[in-house]
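So you can see what is in the structure, the chains are spelled out below.
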Amino acid sequence: MTDLRITRENARFQQWEALLTNRSKRHRNRELLVQGVRPITRAVEEGWTVRALLRADGATSAWADDLWARTDAERVVLSPELHARLSGKEDGAELTAVVEMPEDGVERLGDSRRPHGPVVVFDRPTSPGNIGTLARSADAFGASALVITGHAADPYDPQAVRASTGSLFALTVLRVPGHGPVVEWAHAHGYRIVGTDEEGSALSDVDLTGRVVLLVGNETTGLSAGWRQACDDVASIPMTGTASSLNAAVAGSIVLHEALRQRG
């Protein structure tokens, strides 16, 4: 395979650089930029389609050389200065990957490699970092999918991908405009819907076994009215300190751990 070499900023480079900050272009082109050894490794291991591998001219490592040699993706060698702009590391990085973004249809929830794990819904999150953190916990505690609903931050934002440390690629990830399609899918497939709110029942008293959708609300306003009405149960995390609330991703992580504990 012949490597493409780019030493000056051109249209291809500008297209890749736009993936870092331009959400519309990410979704129009259905591709995201993945930075770092672990996220790229997880994307490859989990079978996500890598459209291009990018590396700096002269950069080398055993990991990068091995992936470079066996990839079917387009291989592009950039000047160190250009690659640093994409990798986020001025002192150099092994590789950066351009990865294909999957479709968003709720029917994909039935294709998870973890069919018995909870489906996690994050309703209108504003922070990409919180999405990535919750994805990491969802992966660690055996969830099958992460669904982002409503007007929200982008799960494919580089901040979200970095915060997930690659766990985003182990999950079925969807973006859905509102609660309706997910609720219909849950009812059709025998899932209970459990929300989180400070007014709910004690977390340990709520049944989180079996087929369950776990809801985490917006960082400031909590769950939307539509999601609240859809809940079969609402769980509350007991707190004894002076904090009035928990970070949304932290709260979701605690609920996921309790679900794992109940499942034995």
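Procedures and definitions
- Residues numbered from 1 in each chain as written.
- Predicted model: local features only at pLDDT ≥ 70, side-chain atom pairs only at ≥ 80, totals over all residues.
- Heavy atoms only, no water.
- Pairing = 2+ DSSP bridges.
- Helix = DSSP H or I, 4+ residues; strand = E, 2+ residues; numbered from the N terminus.
- Axes fitted to C-alpha atoms, helices over the stretch in contact; angles between N-to-C directions.
- Contact = heavy atoms within 4.5 Å.
- Salt bridge = Lys/Arg side-chain N within 4 Å of Asp/Glu carboxyl O.
- Buried < 20%, exposed > 50% of the residue type's maximum accessible area, 1.4 Å probe, protein only.
- Domains from an automatic or database assignment.
- Buried area = accessible area lost by both parts, 1.4 Å probe.
- Polar contact = N/O pair within 3.5 Å; in protein donor to acceptor, adjacent residues only side chain to side chain.
- Expected span 1.5 Å × (residues − 1).

- You'll find the protein entered in an unreviewed UniProt entry as RNA methyltransferase, TrmH family, with Nocardioides exalbidus given as the organism.

Examining the sheet that holds strand E1 (residues 4-6)
- Taken in spatial order, the 5 strands of this open sheet run E1-E4-E3-E5-E2, and their pairing is mixed. What marks the edges here is a single partner per strand, and that holds for E1 and strand E2 (31-35). Pairs of neighbouring strands in the sheet enclose a mean axial angle of 25°, with direction left out of account.
- Pairing of strand E3 (residues 50-56) with strand E4 (residues 74-78), which is carried by 5 bridges, proceeds in the parallel orientation. Note on E4: the bridge partner recorded for leucine 53 is arginine 75.
- Lying on the sheet, helix H1 (residues 11-21) is in contact with E1, E2, E3, E4 and strand E5 (96-100); it crosses E2 at an angle near 80°.
- Running at roughly 130° to E2, helix H3 (residues 37-45) makes contact with E2, E3 and E5 of the sheet.

With respect to the sheet that holds strand E11 (residues 233-236)
- Strand order in the open sheet formed by 6 strands is E8-E7-E6-E10-E9-E11, with parallel pairing between adjacent strands. With one partner strand each, in any of the chains shown, strand E8 (172-176) and E11 form the two edges of the open sheet. Pairs of neighbouring strands in the sheet enclose a mean axial angle of 30°, with direction left out of account.
- With 5 bridges connecting them, strand E9 (residues 192-202) and E11 associate as parallel partners. Residue pairing across strands places glycine 195 opposite valine 234, the latter belonging to E11.
- Of the strands in this sheet, strand E6 (119-123), strand E7 (145-149) and strand E10 (212-216) touch helix H6 (residues 128-140), which is tilted by about 165° from E6.
- In this fold helix H10 (residues 248-262) packs onto E6, E9 and E10, with an angle of close to 155° to the strand it touches most, E10.

Here's the deal with the pattern of salt bridges
- Summed over the entire model, instances satisfying the criterion amount to 19 salt bridges.
- Salt-bridge contacts for arginine 85 lead to glutamate 9; the nearest nitrogen and oxygen are separated by 3.2 Å. With arginine 85 in helix H5 (residues 80-87) and glutamate 9 in the loop between E1 and H1, this pair connects stretches of sequence that are 76 residues apart.
- Classification of glutamate 9 by relative accessible area gives partly exposed; the value is 41%.
- Measuring nitrogen to oxygen at the nearest pair gives 2.6 Å for the salt bridge that ties glutamate 258 to arginine 261. Here arginine 261 and glutamate 258 lie together in helix H10, a separation of 3 residues that amounts to about one turn.

Focus: the domain arrangement of the protein
- As far as domains go, the protein holds domain 1 (4-100) and domain 2 (106-263).
- Of the residues lining the interface, 16 residues belong to domain 1; the matching set on domain 2 comes to 18 residues.
- Each partner contributes to the roughly 1500 Å² buried at the junction of domain 1 and domain 2, and carbon and sulfur atoms together form 53% of this total.
- Linking domain 1 with domain 2 are 3 salt bridges, by the criterion used here.
- Our enumeration of links across domain 1 and domain 2 arrives at 8 residue pairs in polar contact (both at pLDDT 80 or more).
- Contributions of two or more residues to the side of domain 1 that touches domain 2 are made by H1, helix H2 (23-29), E2 and H3.
- Element by element, the count of residues in the side of domain 1 that touches domain 2 is highest for H3, at 5 residues.

Details of H6
- With 13 residues, H6 extends 19 Å between its outermost C-alpha atoms, agreeing within 8% with the 18 Å of an ideal straight helix rising 1.5 Å per residue.
- Every buried residue of H6 is listed here: Pro128, Asn130, Ile131, Gly132, Leu134, Ala135, Ser137, Ala138 and Asp139.
- Along its buried surface, H6 packs onto H3, E6, E7, helix H7 (158-163), E10 and H10.
- Capping the start of H6, serine 127 holds a side-chain oxygen 3.2 Å from the backbone nitrogen of glycine 129, two or three residues further along.
- Looking one or two residues past H6, glycine 142 carries a phi angle of roughly 85°, positive in sign.

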